[in-house]
Amino acid sequence: QKEVEQDPGPLSVPEGAIVSLNCTYSNSAFQYFMWYRQYSRKGPELLMYTYSSGNKEDGRFTAQVDKSSKYISLFIRDSQPSDSATYLCATTGYGGSQGNLIFGKGTKLSVKP
Amino acid sequence: GAVVSQHPSWVICKSGTSVKIECRSLDFQATTMFWYRQFPKQSLMLMATSNEGSKATYEQGVEKDKFLINHASLTLSTLTVTSAHPEDSSFYICSAGRAGGANEQFFGPGTRLTVL
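A short tour of the structure in this document, coming up. Keep in mind the model is a prediction, meaning the values are calculated, not measured.

1. What about the packing of aromatic side chains?
The relation between two aromatic rings is expressed through the spacing of the ring centres and the mutual angle of the planes. If you walk through the whole model with that rule in mind, you get 11 aromatic pairs over all chains. Ring geometry for Tyr 32 of chain A against Tyr 51 of chain A: centres 4.9 Å apart, planes inclined by 45°, an arrangement best described as tilted. Here Tyr 51 of chain A lies in strand S5 (residues 45-51) and Tyr 32 of chain A lies in strand S4 (residues 32-38), a separation of 19 residues in the sequence. Residue classification places Tyr 32 of chain A among the buried residues on the basis of a relative accessible area of 15%. Taken together through their ring pairs, the aromatic side chains of Tyr 36 and Phe 103 of chain A together with Tyr 36 and Phe 107 of chain B make up a single cluster.

In structure tokens form, the structure reads like this:
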């Protein structure tokens, strides 16, 4: 079993839809969870960062972590064509910036006008 | 804040030559930098972890003599692909963690290497 599983999609939604992106992980030691957005031929951009279980909201984006089921989600409200990108979940069990991130494969999202 | 740059953004080289890629944290100090490679439609694969002033730690299966990493200062790490071969063609991305910061990594824009 891979440490982080993520459905690669592609996922296509109409503009304005609510998007739900999900990952599962296997190691209960993971405590830090991130979502990155990557446009084609660009480096990943940190979108959301959460520690342990709970929700975190930032504008149209909500990150959710359920440690009991080892499930992490990213919700995008009122999706826009500019949200079209690949979304990568990542996690690590280490505190501090020295922690190695373990990435999911990424979900390619397309928001149609 | 937390901007990471990479240079060059793309490079084409002949087989057998060496290529150096620079990764800089522009507005913060990075005690640790990470080097990843990414193949088309694949996720990022960690190659090595680079700590300022010490030897890099390489992931299993990554040849340290082929991928030379130097982290000479708190704002600069370099990756040199030695004796490049066509199979080394990939997208190389670095990331940096802020000294004393939370567990966040900030990524550079990546370098696309094509070996002919």
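2. A look at the environment of Met 33 of chain B
Residue and element names in this part refer to chain B. With respect to the secondary-structure elements, Met 33 resides in strand S4 (residues 30-38). It is 8.0 Å that separates the C-alpha atoms of Met 33 and His 71, two residues lying 38 residues apart in sequence. If we ignore the near neighbours within four places in the chain, the residues touching Met 33 are Cys 23, Arg 24, Ser 25, Ala 48, Thr 49, Ser 50, His 71, Thr 75, Leu 76, Ser 77, Ser 95 and Ala 96.

3. Quick notes on the nonpolar core
Ranked by size, the top nonpolar core spans 26 residues in total, and within it Val 4, Phe 28, Trp 35, Phe 67, Leu 79, Tyr 92 and Leu 113 of chain B carry the most contacts. For this core, the secondary structure elements donating two or more residues are strand S2 (10-13), strand S3 (19-25), S4, strand S5 (45-51), strand S7 (67-73), strand S8 (76-81), strand S9 (90-98) and strand S11 (111-115) of chain B. Here Tyr 92 of chain B is in contact with Gln 6, Ile 21, Tyr 36, Arg 37, Met 47, Phe 67, Leu 79, Gly 110, Thr 111 and Leu 113 of chain B, once residues within four sequence places are set aside. Core analysis: the second largest hydrophobic core is formed by 23 residues, Val 13, Val 19, Ile 72 and Leu 74 of chain A among them.

4. Quick notes on the state of the cysteines
All names here are of chain B. For the coordinates displayed, the defined rule picks out 2 disulfides over all chains. Here Cys 23 connects covalently by a disulfide to Cys 94, the sulfurs 2.0 Å from one another. With the S-S dihedral at roughly 80°, the linkage between Cys 23 and Cys 94 falls on the right-handed side. Remark: Cys 94 occurs in strand S9 and Cys 23 occurs in strand S3; sequence separation between them is 71 residues.

Cut-offs used in this document
- Residues numbered from 1 in each chain as written.
- Chains lettered and ligands numbered in written order.
- Predicted model: local features only at pLDDT ≥ 70, side-chain atom pairs only at ≥ 80, totals over all residues.
- Heavy atoms only, no water.
- Phe/Tyr/Trp six-rings, centres within 6.5 Å; stacked < 30°, edge-to-face > 60°.
- Helix = DSSP H or I, 4+ residues; strand = E, 2+ residues; numbered from the N terminus.
- Buried < 20%, exposed > 50% of the residue type's maximum accessible area, 1.4 Å probe, protein only.
- Contact = heavy atoms within 4.5 Å.
- Core = buried A, V, L, I, M, F, W, Y, C linked by side-chain atoms within 4.5 Å.
- Disulfide = S-S within 2.5 Å.

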